[in-house]
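Read off the chains here:
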Amino acid sequence: MSTLIILPNPDALAQEAAVRFVELAREAIAQRGRFVAALAGGSTPRATYSLLTREPFASDVDWSRVHLFWGDERCVSPDHPKSNYRMARETLLDYVPIPSENVHRIPGELAPTRAAAVYARELTAFLAPRDRFDLVLLGLGEDGHTASLFPGSPVLEERAQVVAAVYAEHLQSWRVTLTLSPINAARHVVFLVSGAAKEKALARVRAGEPLPAGLVRPTRGPLTWLVDRDAAGELATAFDGYEK
Ligand code: 6PG
């Protein structure tokens, strides 16, 4: 079951995402004593992460019980402008009292396969034996990719490994990404999609095309699409805020 929620603009999208992040954090901490989330990279989540550092959100989260992972990382150093970790540090981590040991970044500075192995070991040890992400935040690429799961990539078939190193031919660069397994096992998956440039990809995914983002089908929790009106395009006129 997936829910599409159309927000009027990017600010409203960030607000809605921040509200949900806090709600899910409070629920997980109350029920299980911790909140384990995988952050999305790229640029869309910046506004949400920044909102989480300000009231009323910041003091609503017991950051000492929050554990942050990443859905994917570029194979660059953590201070590289393209690093998803750096983006989260600049917008969120530097401004909330989250213990450093609760920040589980992907070591993009290592060789790709080594980075994937190190991250997989950390993630597996942390979620063992039967836990899973409370929340996975995802973005949507114009080609329908999500995390670093790109169209046509063999990693889309990967079921045993929870993390993979992928070479993105079109980007001429290596990435480390969660595979679909831990994403589809999550308690909650939320896509954040903003801007007219994403309209076509969103429509294709919502129409059921087997693009990578369309393969995100959580088996044990809800999937929510938070999109702004520009990204929704035609969807905004036909089914504003409908549940499917
Ligand atoms: C990344 C992300 C990627 C991103 C989409 C959308 O490392 O770039 O994981 O999947 O979420 O490409 O990116 P924007 O939010 O920048 O449009």
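About the cut-offs
- Residues numbered from 1 in each chain as written.
- Predicted model: local features only at pLDDT ≥ 70, side-chain atom pairs only at ≥ 80, totals over all residues.
- Heavy atoms only, no water.
- pLDDT = per-residue confidence, 0-100.
- Helix = DSSP H or I, 4+ residues; strand = E, 2+ residues; numbered from the N terminus.
- Near = heavy atom within 4 Å.
- Polar contact = N/O pair within 3.5 Å; in protein donor to acceptor, adjacent residues only side chain to side chain.
- Areas by Shrake-Rupley, 256 points an atom, 1.4 Å probe, with all protein chains shown as cover.
- 1 Å grid on protein atoms, 1.4 Å probe; cavity = no way out; pocket = protein on both sides within 12 Å on 5 of 7 lines; lining within 4 Å.
- Sits in = over half its atoms within 2 Å of the grid points.
- Nonpolar A, V, L, I, M, F, W, Y, C, P; charged D, E, K, R; others polar.
- Phe/Tyr/Trp six-rings, centres within 6.5 Å; stacked < 30°, edge-to-face > 60°.
- Lys NZ or Arg CZ within 6 Å of the ring centre and 35° of its normal.
- Points joined across faces, edges and corners; volume = space filled by probe spheres on them.
- Buried < 20%, exposed > 50% of the residue type's maximum accessible area, 1.4 Å probe, protein only.
- Arc of directions from axis to C-beta.
- Contact = heavy atoms within 4.5 Å.

This part covers the confidence of the model for the chain. Predicted confidence across the chain gives a mean pLDDT of 96, with 97% of residues reaching 70 or more. Highest mean pLDDT in the chain belongs to strand β5 (residues 135-138) (99); lowest belongs to helix α8 (residues 234-238) (76).

Contacts to the ligand come from 14 residues, most closely from S43, T44, D72, A147 and K198. Within the side chain of N84, an N or O atom sits 2.9 Å from an oxygen atom of the ligand. When isolated, the ligand has an accessible area of 410 Å², and the protein chains bury 87% of it. Given that more than half its atoms are within 2 Å of the pocket grid, the ligand belongs to the largest pocket. Taken together, the residues of the shell around the ligand break down into 2 nonpolar, 8 polar and 4 charged.

Okay, the packing of aromatic side chains next. The final tally for this structure, using the stated rule, is 8 aromatic pairs. An aromatic cluster is present here, built from F69, Y119, F126 and F133 joined pairwise through their rings. R105 extends its terminal NZ or CZ atom over the ring of Y85, reaching a point 5.6 Å from the ring centre.

Before going further, it helps to spend a moment on the layout of surface pockets. The volume enclosed by the largest pocket comes to roughly 410 Å³. What lines the largest pocket is a set of 26 residues, among which G41, G42, L140, G141 and H145 lie closest to the centre. For the lining of the largest pocket, the secondary structure elements donating two or more residues are β4 (72-74) and β5. Partitioning the lining of the largest pocket into residue classes produces 9 nonpolar, 12 polar and 5 charged. In this structure, the second largest pocket encloses a volume near 300 Å³. Forming the walls of the second largest pocket are 16 residues, and the residues nearest its centre are S2, G214, V216, R217 and L223.

Okay, helix α3 (residues 84-91) next. What α3 keeps buried is the set N84, Y85, M87, A88 and T91. The buried residues of α3 occupy an angular sector of 160° when projected down its axis, which confines them to one face. Taken together, the buried residues of α3 touch β2 (35-39), α2 (46-51), β3 (66-70) and β4. N-capping of α3 is provided by S83, with a side-chain oxygen placed 3.1 Å from the backbone N of Y85.

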